[in-house]
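# Structural characterization, general
Residue-level listing of the chains:
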Amino acid sequence: MPTIFLIWSRDRQPMFKLVGPLLHALDAEKAHHLAIAALKTGLYPSRVAPSTTALESTVAGLRFPNPVGLAAGFDKNAEVPDAMLGLGFGFTEIGTVTPKPQAGNPKPRLFRLPGHQGVINRMGFNNDGHAAVLARLKNRTATGAKAGIVGVNIGANKDSADRIADYVAGIETFRDVASYFTVNISSPNTPGLRALQEGEELEALLDRVNQARGSASAQPMFLKIAPDLSPEQLEHVAQTCPGRVDGVIVSNTTLSRDGVSGAHA
């Protein structure tokens with residue numbers, strides 16, 4: 001099966017060399033919001049689509065123009081999906097989106113690790129909620145936005161009494177605007193969420209979201225798992241997924257701090 005890569009990375013281009021020092025002088029989360037604001041105003045370099053088809057691949061019935069995509073977490077609220085496609089990404093994934101808006105965990109919650117070219121985050125599914133994100137995605141379609149693969153990453157509210165029902169609501173809400181769905185049960189920053197990766201909980205979750213998804217012609221659905229699963233847990237995921245999801249996304253952020261040094265380690 002073809003492999004699709006999802007990345008969240010800085011663009012090593014002249015524009016980044018110009019604005020990079022400015023962004024790094026700001027708090028990491030403020031810099032993120034500033035980047036989103038700039039993208040919304042069109043302040044980004046356009047890319048000409050390659051004339052070759054050598055990078056194309058088809059996964060779960062979707063034709064990806066190239067295998068490099070932008071993972072969920074950058075454009076949580078579907079503010080700039082077409083800007084990201086315009087930068088040359090083969091696809092983009094918005095979210096994670098929960099039924100109700102939520103502020104996420106207390107700030108500061110995003111920390112740079114420049115020596116490791118990485119970050120540590122504890123965002124906690126901060127997002128505008130289903131209604132606001134759906135309105136933006138519908139407006140994208142209504143205004144004749146360019147074609148492109150835009151996946152929707154769905155999650156559960158921290159205070160939800162029925163987290164599986166939150167995922168079902170995500171499928172039902174975005175079924176008409178999502179190119180594909182990602183069922184995100186891998187975030188380490190929502191207490192108890194990763195328990196959905198285990199045993200009967202995982203089976204119940206996937207069975208209920210599949211019932212909501214409906215016919216085989218519906219959008220593909222992928223399960224996003226954590227990198228900290230034991231071999232036994234991975235075996236259970238491997239046994240549970242066939243026939244229930246179209247693929248697995250590996251992986252979310254790790255709880256491990258192996259090899260990390262510095263003030264935020």
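For the structure itself, look to the data block above.
One structure accompanies this document, and this report is about it. Every value quoted in this text rests on a predicted model; they were computed, and no experiment measured them.

A word on the packing of helix H6 (residues 199-213) against helix H7 (residues 231-240). Here H6 crosses H7 at 30°, and the two axes come no closer than 10 Å. With respect to each other, H6 and H7 are oriented roughly parallel. When the axes of H6 and H7 are compared, the crossing they make is right-handed. In this structure, H6 uses Gly199, Leu202, Glu203 and Leu206 to contact H7, whose residues at the interface are His236, Val237 and Thr240. Grouping the constituent residues of the contact of H6 with H7 by class yields three nonpolar, three polar and one charged.

Moving on, we get to the pattern of salt bridges. According to the stated counting rule, one finds nine salt bridges in the structure shown. Residue Lys40 pairs with Glu79 through a salt bridge whose shortest N-O separation is 3.2 Å. One end of the pair, Lys40, is in helix H2 (residues 28-40); the other, Glu79, is in the loop between strand E4 (68-70) and helix H3 (81-86), and 39 residues separate them in sequence. As a salt-bridge pair, Asp128 and Arg136 come within 3.1 Å of each other at their nearest N and O atoms. Classification of Asp128 by relative accessible area gives partly exposed; the value is 32%.

The rules behind each value
- Residues numbered from 1 in each chain as written.
- Predicted model: local features only at pLDDT ≥ 70, side-chain atom pairs only at ≥ 80, totals over all residues.
- Heavy atoms only, no water.
- Axes fitted to C-alpha atoms, helices over the stretch in contact; angles between N-to-C directions.
- Helix = DSSP H or I, 4+ residues; strand = E, 2+ residues; numbered from the N terminus.
- Parallel < 35°, antiparallel > 145°, perpendicular 65-115°, else oblique.
- Left-handed = near helix turned anticlockwise from the far one by under 90°.
- Contact = heavy atoms within 4.5 Å.
- Nonpolar A, V, L, I, M, F, W, Y, C, P; charged D, E, K, R; others polar.
- Salt bridge = Lys/Arg side-chain N within 4 Å of Asp/Glu carboxyl O.
- Buried < 20%, exposed > 50% of the residue type's maximum accessible area, 1.4 Å probe, protein only.

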